[in-house]
Amino acid sequence: MSEAVRILGIDPGLRVTGFGLLTRAGNQLGYVGSGCIRTDEAESLPERLRSILDGLREVIATHQPTQVAVEKVFVNVNPQSTLLLGQARGAAICAAVLCRLPVAEYTALQVKQAVVGNGHADKQQVQHMVRRLLALPGEPSADAADALACAICHAHGGQGLGGLATAGYRVRNGRLV
């Protein structure tokens, strides 16, 4: 069996940044932990970015990941929102780079395709599949599930369900059954 790799997945956001950690040994995934870093909307933008940076550096120091996977920013209708999201993403990447960790980036489409088998899956489908793939007792929050999904995508090289151990399961309506 190959040596376990610890992957930190990050779903950047200015209000809420989700993070999720898992291990991969061969084709086996193991859940380590997940959560969210919340910023105070009353604070200035630089202070909120510092909260994201400090929070992720603390997660990295505590859990010692060896690789990081970050969701790429999509361009949405509001350019101001896209810029703010990009800055939160930059703070997340800086946290990893300052800790000398390699960073991989995946689009939301790649992440959903890898976890659900459908690049246009909704948040509930992602949460459900993350729960099933990691054998969690309950569904994680949407932000933590997105971060775990990003880590799962990275663990399997972004190759979709074809890279996952899915023996005994079928895909129906974007879900393993």
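Right, let's walk through the structure included here. All residue numbers refer to positions counted from 1 along the written sequence of the respective chain. Note on the predicted model: pLDDT of at least 70 is required for a residue's local features to be given, and 80 or more for side-chain atom pairs to be given and counted; whole-chain, interface and lining totals, by contrast, use all residues. Processing note: side-chain calculations cover all non-hydrogen atoms of the structure and skip hydrogens and water entirely.

1. Points about the pattern of salt bridges
Any two side chains of opposite charge can pair if their charged atoms end up close together.
Phase 1 of the analysis: Throughout this description, the term salt bridge denotes a Lys or Arg side-chain nitrogen within 4 Å of a carboxyl oxygen of Asp or Glu. Under the counting rule described, the total for this entry stands at four salt bridges.
Phase 2 of the analysis: For Arg89, the salt bridge goes to Glu105, with nearest N and O atoms at 1.9 Å. Residue Arg89 is located in helix α2 (residues 79-98), and its partner Glu105 is located in strand β5 (residues 103-106); the two are separated by 16 residues in the primary sequence.
Phase 3 of the analysis: To sort residues, take the accessible area from a 1.4 Å probe on protein chains only and compare it with the maximum for the residue type: under 20% means buried, over 50% means exposed, and anything in between is partly exposed. Among the residues examined, Glu105 registers a relative accessible area of 38% and is labelled partly exposed.
Phase 4 of the analysis: Between Lys123 and Asp146 there is a salt bridge whose closest N-O contact spans 2.5 Å. With Lys123 in helix α4 (residues 123-134) and Asp146 in helix α5 (residues 142-155), the pair connects residues that are 23 residues apart, well separated along the chain.
Phase 5 of the analysis: Looking at Lys123, the relative accessible area reads 42%, which means it is partly exposed.
Phase 6 of the analysis: For Asp146, a relative accessible area of 10% gives the class buried. Numbering of helices and strands starts at the N terminus; helices are DSSP runs of H or I of at least 4 residues and strands are runs of E of at least 2.

2. As for the nonpolar core
Phase 1 of the analysis: The nonpolar core is taken to be a set of buried Ala, Val, Leu, Ile, Met, Phe, Trp, Tyr and Cys residues, with the residues joined through side-chain atoms within 4.5 Å. Leu22, Tyr106, Val115, Val130, Leu134 and Ile152 are the most contacted members of the largest nonpolar core, which has 25 residues in total.
Phase 2 of the analysis: The dominant element in this core, judged by the number of residues it contributes, is α5, at seven residues.
Phase 3 of the analysis: Ile10, Leu56, Ile60 and Ala88 belong to the second-largest nonpolar core, a separate cluster that totals 20 residues.

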